[in-house]
Amino acid sequence: MRVTWITDDESSPSVVEYGTSPGGYNCGAEGESTSYRYLFYRSGKIHHTVIGPLEHDTVYFYRCGRQGPEFEFKTPPAQFPITFAVAGDLGQTGWTKSTLDHIGQCKYDVHLLPGDLSYADYMQHRWDTFGELVQPLASARPWMVTQGNHEKESIPLIMDAFQSYNARWKMPFEESGSNSNLYYSFDVAGAHLIMLGSYADYDEYSDQYRWLKDDLSKVDRKKTPWLLVLLHVPWYNSNEAHQGEGDGMMAIMEPLLYAASVDLVLAGHVHAYERSIRVNNGKPDPCGAVYITIGDGGNKEGLARKYKNPQPDWSVFREASFGHGELKIVNSTHAFWSWHRNDDDEPVRSDQLWITSLVSSGCVAEKSRELRKILMSP
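Computed from a predicted model, the values in this text were never measured in an experiment.

Caption draft 1: The arrangement of the side chain of aspartate 351 in detail. Along the chain, aspartate 351 turns up in strand E23 (residues 348-356). Of note is the side chain of aspartate 351, whose polar atom sits 2.6 Å from the side chain of tyrosine 273. When residues no more than four places from it in sequence are discounted, the contact partners of aspartate 351 are Tyr273, Arg275, Phe317, Trp337, Ser338 and Trp339.

Below, the structure written as structure tokens:
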């Protein structure tokens, strides 16, 4: 597990002490640190320390920098069942706080965030306040994120894109063979998750495309029967907001994901909720992925309330409300997805679906030759 924290004290060591009982730190690890400047802003000292090996499904107590408060976190289980909390486009509003409070009430193992975290939008102190806002949850469970457009923050000739995001939210890209923090993959329990970069190059000659092909070639569906993908810009979107923005990436990469029998694709960007049936190339397909847009975490820009009519054949549920999703993978064949609207005092379960894995439906075996062909093509 990588622990990230920020200190004002330049001399603070990048050390995490941890153990399985409060105050009993019988293990320790030292990591690395970085910082960055953004115009007149200078960040604190950003520490990244990997701790472990750790036991599965175990609560650990830890402190950072040999001082300060004690935190605790739980590692994910080694096998099913496992539950993911999903919320994109969070921001820092009252709705964000409501979404986080509702997520905090559910029993989950890993938080997935498909882009648009802080909505700092060039005001770098907003990255710090976002860290303080999410710390109660992000210190207790793994947060696996990918970038959105609001993380870009580039200024031509002055500031590179994603400088703040890359410095603060370091994901396991090197561990998964990627050369960019904007796309990576990881295994947890019996699932392989691929985090794609909507704002990294994605054409057939790009590093991301080559990396994706290589990553998919290594997936063993006997060990990880579930294959999930996260990205920011949705490929299937019947909302009037951000229409067509994902079409270029979809044209290049959807054939790869289809050949690999991806079970579920989660996206953000559109500030509303939408779920598809299994679909490929714009048409219902029992061997395609279920596509879910969940960019309704609570951002300052408000909801995207206008949908295109008539509703496309592939779209089965859509609603412009703030909320979060929960994905409970029960076993190698079945998972339960639910979307929880938080317009009310309690998180209301507004949409739900049992999903059967493409391994169990025979699609993986049926498309194995197609997958080999597309992965081996230059």
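Text resumes after the structure shown.
Caption draft 2: Structural context of unusual backbone geometry. Each neighbour pair has its own omega, and for glycine 52 with proline 53 the value is 5°, a cis peptide bond. The omega angle of the peptide bond from asparagine 309 to proline 310 is 0°, so this bond is cis rather than trans. One can find proline 310 in the loop between strand E19 (289-294) and strand E20 (315-319). Its identity is not glycine, yet arginine 66 carries a phi of approximately 65°, on the positive side. One non-glycine residue with positive phi stands out, namely leucine 157, at about 70°. When you line up the elements, leucine 157 lands in the loop between strand E12 (143-145) and helix H3 (163-168). Overall, leucine 157 belongs to the exposed group, its relative accessible area being 92%.

Caption draft 3: Spotlight on the sheet that holds strand E9 (residues 71-74). The strand order across the open sheet formed by 4 strands is E3-E2-E8-E9, and the pairing between neighbours is antiparallel. Only two strands of the sheet have a single neighbouring strand rather than two, namely strand E3 (27-30) and E9. Each strand of the sheet is rotated relative to its neighbour by a mean of 30°, with strand direction disregarded. Bridge count for strand E2 (residues 15-19) against E3 is 4 bridges, and the pairing is antiparallel. Its bridge partner being in E3, tyrosine 18 is matched across the sheet by cysteine 27.

Caption draft 4: Structural view of the packing of helix H4 (residues 207-217) against helix H5 (residues 247-259). As a packed pair, H4 and H5 sit with axes 11 Å apart at the nearest point and diverge in direction by 15°. Taken together, the axes of H4 and H5 are roughly parallel relative to one another. By crossing handedness, the relation of H4 to H5 is classed as right-handed. Facing H4, whose interface residues are Gln208, Tyr209, Leu212, Lys213 and Leu216, H5 presents Met249, Ile252, Met253, Leu256 and Leu257. For the contact of H4 with H5, a count of residues per class yields 8 nonpolar, 1 polar and 1 charged.

Caption draft 5: Looking closely at the nonpolar core. Membership of the largest hydrophobic core comes to 89 residues, with the highest contact counts inside it found for Phe84, Leu112 and Trp337. With 7 residues, H5 is the single largest residue contributor to this core. Those residues within four positions of phenylalanine 84 in sequence are excluded, and the remaining contacts are Val110, Leu112, Val188, Leu193, Leu228, Gly325, Glu326, Leu327 and Ile329. Within the second largest apolar cluster, 11 residues are counted, among which are Trp5, Ala29, Tyr60 and Tyr62.

Caption draft 6: Layout of a nonpolar patch on the surface. Together, Leu39, Phe40, Leu157 and Ile158 make up an exposed nonpolar region whose accessible area comes to about 610 Å². Mapped onto the fold, isoleucine 158 is located in the loop between E12 and H3. Residue class for isoleucine 158 comes out exposed when judged on its relative accessible area of 55%.

Conventions and cut-offs
Residues numbered from 1 in each chain as written. Predicted model: local features only at pLDDT ≥ 70, side-chain atom pairs only at ≥ 80, totals over all residues. Heavy atoms only, no water. Helix = DSSP H or I, 4+ residues; strand = E, 2+ residues; numbered from the N terminus. Polar contact = N/O pair within 3.5 Å; in protein donor to acceptor, adjacent residues only side chain to side chain. Contact = heavy atoms within 4.5 Å. Buried < 20%, exposed > 50% of the residue type's maximum accessible area, 1.4 Å probe, protein only. Pairing = 2+ DSSP bridges. Axes fitted to C-alpha atoms, helices over the stretch in contact; angles between N-to-C directions. Parallel < 35°, antiparallel > 145°, perpendicular 65-115°, else oblique. Left-handed = near helix turned anticlockwise from the far one by under 90°. Nonpolar A, V, L, I, M, F, W, Y, C, P; charged D, E, K, R; others polar. Core = buried A, V, L, I, M, F, W, Y, C linked by side-chain atoms within 4.5 Å. Patch = residues over 30% accessible without salt bridge, like charges linked within 9 Å, V, L, I, M, F, W, Y side chains within 5 Å. Areas by Shrake-Rupley, 256 points an atom, 1.4 Å probe, with all protein chains shown as cover. Salt bridge = Lys/Arg side-chain N within 4 Å of Asp/Glu carboxyl O.

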